[in-house]
Amino acid sequence: MAALAGCRAEREASPFPKADRPVAPIVSDSFSTEDARDRVGEAEEVMQLAGVAPGMSVADIGAGEGYYTVRLSPIVGARGRVLAQDIVPATRDRLAQRVQRENLQNVSVRLGVPADPKLPAQSFDRIFLVHMYHEVTEPYEFLWHLRDGLKKDGLVIVVDADRSVRRHGMPPAQLACELRAVGLEPVRLARLTGSDSYFASFRIALAKPEPPAIKACGKP
């Protein structure tokens, strides 16, 4: 009990602002059937917009059952690498089994924590957050750590639905505000074909702020 109380006190003392908006619960580790997603063509469109190319290092954060992971792997090829991360141990284990079963030798799997994806510093050309950002419980702390994983010219790629957080989406203006709060500026915003989802990319534009200086964006 003492350890639990200490952990709660540590979280309460966090220098990062809380999300001044709803946070969607994690309802499933699979978005829909993979065949259905392939018919829409989202992954192909997203990877093309993101400029994924052979030899790149990419991270798939909140990878779930690995829908994007297994499609990124052949594009970056043998000279590239994919880091697939999830915060749910059982999901991470199933994903690791899939990677082994499909013999994806350029993919590694890692367990993260809600407020920190635990990425190696300055390692990735692209960091993907696909249909998961609205579930991040500590967005400012999460993004503050995540930006460290980008290479100098790397991009954070967000795919989400243009609807309220309560409906498992993230309004683009709210997304841009929250990433700007940690020094990330938008590069491109595009509606995805045949859905209410959108693609957004961001780059590091400003120095990393000290946590107490980060200003929460408020409700969308």
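Residues numbered from 1 in each chain as written. Predicted model: local features only at pLDDT ≥ 70, side-chain atom pairs only at ≥ 80, totals over all residues. Heavy atoms only, no water.

Colleague: Looking at this model, I keep getting lost on the pattern of salt bridges. Mind explaining?
Modeller: Any two side chains of opposite charge can pair, so long as their charged atoms come close to each other. Going through the model one piece at a time under the given rule, you end up with 9 salt bridges. A salt bridge links E102 to R98, with the shortest nitrogen-to-oxygen separation between them at 2.9 Å. Between R180 and E185 there is a salt bridge whose closest N-O contact spans 3.3 Å. (Salt bridge = Lys/Arg side-chain N within 4 Å of Asp/Glu carboxyl O.)

Colleague: Where do I start with unusual backbone geometry in this structure?
Modeller: Although it is not a glycine, N103 adopts a positive phi angle of roughly 55°. Relative to the helices and strands, N103 is located in the loop between α5 (89–101) and β3 (107–111). N103 sits in the exposed class, given a relative accessible area of 51%. (Helix = DSSP H or I, 4+ residues; strand = E, 2+ residues; numbered from the N terminus. Buried < 20%, exposed > 50% of the residue type's maximum accessible area, 1.4 Å probe, protein only.)

Colleague: When you look at the pairing of β3 in this model, what are you seeing that I'm missing?
Modeller: Residues in a regular strand point their side chains to alternate faces of the sheet. Here 5 bridges tie strand β2 (residues 81–86) to β3, and the two strands are oriented parallel to one another. Paired with A84 across the bridge in β3 is V109. With α5 bridging β2 and the parallel β3, this β-α-β connection has right-handed handedness. (Pairing = 2+ DSSP bridges. Right-handed = clockwise from strand over helix to strand, strands pointing away.)

Colleague: How should a nonpolar patch on the surface be read in this particular structure?
Modeller: A contiguous nonpolar surface patch, about 210 Å² in accessible area, is contributed by I26, I87 and V88. Overall, the relative accessible area of 32% leaves I87 in the partly exposed class. (Patch = residues over 30% accessible without salt bridge, like charges linked within 9 Å, V, L, I, M, F, W, Y side chains within 5 Å. Areas by Shrake-Rupley, 256 points an atom, 1.4 Å probe, with all protein chains shown as cover.)

Colleague: Sorry if this is basic, but what is going on with the state of the cysteines here?
Modeller: Enumeration according to the criterion identifies 1 disulfide in this entry. There is a disulfide in this structure between C177 and C217, and the S-S distance comes to 2.1 Å. Since a negative S-S torsion denotes a left-handed disulfide, the C177-C217 link at about -100° is left-handed. Of this pair, C177 sits in helix α7 (residues 172–180) while C217 sits in the segment after β7 (197–204), placing them 40 residues apart in sequence. (Disulfide = S-S within 2.5 Å.)

Colleague: Explanation requested: α5 in the structure shown.
Modeller: Between its first and last C-alpha atoms α5 spans 18 Å; for 13 residues at 1.5 Å apiece the expected length is 18 Å, and the two agree. Looking only at α5, the buried set comprises T91, L95, R98 and V99. Angularly, the buried residues of α5 cover 100° about the axis, an arc narrow enough to put them on a single face. Residues of α5 that are exposed and angled more than 90 degrees away from the buried face: Q100 and R101. (Expected span 1.5 Å × (residues − 1). Arc of directions from axis to C-beta.)

Colleague: Honestly, the packing of aromatic side chains in this entry has me stumped. Any pointers?
Modeller: Geometry of an aromatic ring pair is reported as the spacing of the ring centres plus the angle between the planes. The full count for this structure, using the stated rule, is 3 aromatic pairs. When the centroid spacing of 5.2 Å and the interplanar angle of 70° are considered together, the rings of F16 and W144 count as edge-to-face. In this pair, F16 sits in the loop between α1 (2–12) and α2 (34–40) while W144 sits in helix α6 (residues 139–146), placing the two residues 128 residues apart along the sequence. Classification of W144 by relative accessible area gives buried; the value is 17%. (Phe/Tyr/Trp six-rings, centres within 6.5 Å; stacked < 30°, edge-to-face > 60°.)

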